[in-house]
Protein chains: 2
Amino acid sequence: MNKWYVDVGPDSDVVMSSRVRLARNFEKYPFPHRSLSEHQENVIKETCDAIFSSNPKLKESFTLIRFDEISEIDRMVLVEKHLVSKELAESELKTGALISQDEQLSIMFNEEDHLRIQCLASGMQLEKAFDICNYLDNIISEEIDYAYDNVIGYLTSCPTNVGTAIRVSVMLHLPALTMTGYIRSVLESCGKLGLAVRGLYGENTEAYGNMYQLSNQVTLGKNENDIVMSVKNISYQIIEQERLLRAELFQKNNDKISDRIMRSFGILRYARTLTSDEALQKLSDIRLGINMGLIKELSETDVSEMMLLIQPASLQQYEKKVLDPKERDICRAKYVRDHIERKMGNYREKTD
Amino acid sequence: MNKWYVDVGPDSDVVMSSRVRLARNFEKYPFPHRSLSEHQENVIKETCDAIFSSNPKLKESFTLIRFDEISEIDRMVLVEKHLVSKELAESELKTGALISQDEQLSIMFNEEDHLRIQCLASGMQLEKAFDICNYLDNIISEEIDYAYDNVIGYLTSCPTNVGTAIRVSVMLHLPALTMTGYIRSVLESCGKLGLAVRGLYGENTEAYGNMYQLSNQVTLGKNENDIVMSVKNISYQIIEQERLLRAELFQKNNDKISDRIMRSFGILRYARTLTSDEALQKLSDIRLGINMGLIKELSETDVSEMMLLIQPASLQQYEKKVLDPKERDICRAKYVRDHIERKMGNYREKTD
């Protein structure tokens, strides 16, 4: 079964991925950080039962991962794939996650809340991601009583999530807005419109590779559909700006921008050592090059795959050994080189 | 007929080329800058007569170029090829040059001295270059009386050339000495041993591409053979140091140095705009990569050819049009890209 991130979604020239996440808590247990180990175990067991009893076939497409049974590297791979949060991977509680085979759906157990139901999708597919979350949420709620207040809505461990307890986000690739510096005013406007903007790995992380995550800040006093539509609409305004700026850059500064993109391609194809930051930055450049028709031998999907696999834990899992940072930089360069070489070979065969 | 610079000479891992130049003046005419236009014409005519009357066959392998009959670009191409000096190309006098088809031999007319007989050769071939200069010098001296003093030797326009009037030089590629910073003490020692060190284009030019020209400073009180041997011997000491350092660099810092070389290769293969300085620097890196067996698809000769053709005038002659600096940078990148692509294609065919 193909992983979700090798699909090409709508508006993939700018939108890397869409994500919807619902926070839910059991009514009968205290929030995870105040709950007993026994409660935490029950949360995992009862949720799985609720899902699989109603639909035993679902069992085949999900894997339950217990965090105390897997290595630190395997836990960090899940973080790098955005399947679980860093907090969950490092938690002292009884934690785990139920993950679908295509890695689109995941339920985190005993993070900040008992359940975090999450759906990822390629490109701009917020409604689809929301529908899938809803589907799973409905199945679970048939068996489990959630902590819910008729006036406020869903109760959550952190007050910022109370109400709809939904977080809707899109990961946008904004190289033209970044290069021209216009990104600053875009980020300011987002704040005023109630959206939070973060780097690739959540709050307080830099926007490596010109990738920005936009998400709703307010969860209370609005319904879920409005929140989804609001993030989607604001995103499209940014997407349009990015597209216009790209066209302008390529029209007015074609030599300069093509030079930058092709140099990045040359470096990725030949470098013998690559830090994670540099690799992301160069991959961002070639993603733009692919979108603008400058690089035909690679696809957006190739870039997404590389962006995922060049990360420290994923790289170590791929190499099947623990690597120090210097070794990782060498393996990263080799992985990128080999990947590009293979794809270029495929392209040559196809066009010959 | 192949140009001299596409041959691979001895010790070509470090020695780019060898050059010997003799300064000669007619006894009967004042030095060029004090001579009449008529004298200058006679110098050209009488020298050609002296050479071709003794050996009419030589006529086929030489071309007489009159500087007032060729374009500025064509004149500058001769400078870039080291066939004539910049001073000659910009002179107001009746100037010209007799150049052999393989571009190994040239006689400049009416530069600082009436005649400058010069021979270039690939790699370390100082004796050969000296022999060839001598051969031509002997032919000329059978017909022409040189300005010569029995005690001092050959008389020249500038006192620094008086005596043997010989300049012996080698162009060395010293990336390892440069990277490690040891080059400074090498240059100091050269000064103490009576050698001048210059960049690629003579005095006061920087050592672009890690290329250094070593030449004798003293022309008086020694015989020609001693001067040739002295430059050769000192060069070999430097060559050995460079080789040891290269081996050490590749042993101790293989990742770092290979990374630098392969990145340079990637940039040359893909960049869309390249300044002359950057191209020389990167070509220097890949020359080292070829020597160390890291790049197999290209040869030293390919690098020499590219180093020559990326220069401003040569590039414009190749493109058959006048280009402004920005256009040159774009053409330079295209030329380098195409050249590498062609050579890599040849290599693939050979190894398939």
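Keep in mind that what you see is a predicted model, and the values were worked out from it rather than measured.

What counts as what
- Residues numbered from 1 in each chain as written.
- Chains lettered and ligands numbered in written order.
- Predicted model: local features only at pLDDT ≥ 70, side-chain atom pairs only at ≥ 80, totals over all residues.
- Heavy atoms only, no water.
- Least-squares fit on C-alpha atoms with pLDDT ≥ 70 in both.
- Contact = heavy atoms within 4.5 Å.
- Domains from an automatic or database assignment.
- Buried area = accessible area lost by both parts, 1.4 Å probe.
- Salt bridge = Lys/Arg side-chain N within 4 Å of Asp/Glu carboxyl O.
- Polar contact = N/O pair within 3.5 Å; in protein donor to acceptor, adjacent residues only side chain to side chain.
- Helix = DSSP H or I, 4+ residues; strand = E, 2+ residues; numbered from the N terminus.
- Nonpolar A, V, L, I, M, F, W, Y, C, P; charged D, E, K, R; others polar.
- Buried < 20%, exposed > 50% of the residue type's maximum accessible area, 1.4 Å probe, protein only.
- Pairing = 2+ DSSP bridges.

Draft legend 1. Examining the relation of the copies chain B and chain A more closely. Between the two copies, chain B and chain A, the superposition gives an RMSD of 0.0 Å; the rotation angle is 180° and the shift along the axis is 0.1 Å. Expressed as a symmetry operation, the mapping of one chain copy onto the other fits a two-fold axis. Rotation axis and chain B: the residue whose C-alpha lies nearest the axis is Gly266 of chain B, separated from it by 2.0 Å. An overlap of 100% is found between the interface residues of chain B and their copies at the interface of chain A, pointing to a shared contact surface.

Draft legend 2. Structural detail: the domain arrangement of chain A. All names here are of chain A. By the assigned domains, chain A splits into domain 1 (4–244) and domain 2 (254–351). Centre-to-centre separation of domain 1 and domain 2, based on C-alpha positions: 27 Å. Counting residues at the interface gives 23 residues for domain 1 and 23 residues for domain 2. Interface area for domain 1 against domain 2, summed over the two sides, is near 2,000 Å², with a carbon-plus-sulfur share of 60%. Looking at the side of domain 1 facing domain 2, the largest losses of area belong to Ile73, Glu80 and Met179, adding up to 28% of the total buried there. Here domain 1 and domain 2 share zero salt bridges between them. Counting the contacts that link domain 1 with domain 2 gives nine residue pairs in polar contact (both at pLDDT 80 or more). Looking at the side of domain 1 that touches domain 2, the elements with two or more residues in it are β1 (15–24), α3 (72–80) and α6 (175–180). Sorting elements by how many residues they give to the side of domain 1 that touches domain 2 places α3 first, with five residues. The residue inventory of the side of domain 1 that touches domain 2, partitioned by class, reads 15 nonpolar, four polar and four charged.

Draft legend 3. Representation of the pairing of β1 of chain A within the structure. All names here are of chain A. The element β1 is largely enclosed, with a buried count of 10 among its 10 residues. Relative to strand β8 (residues 166–173), β1 runs antiparallel, the two being bridged by seven bridges. Note on β8: the bridge partner recorded for Arg19 is Ser169. In this sheet, strand β5 (residues 115–122) lies alongside β1 in antiparallel orientation, the contact comprising eight bridges. Within the sheet, the bridge partner assigned to Val20 lies in β5 and is Cys119.

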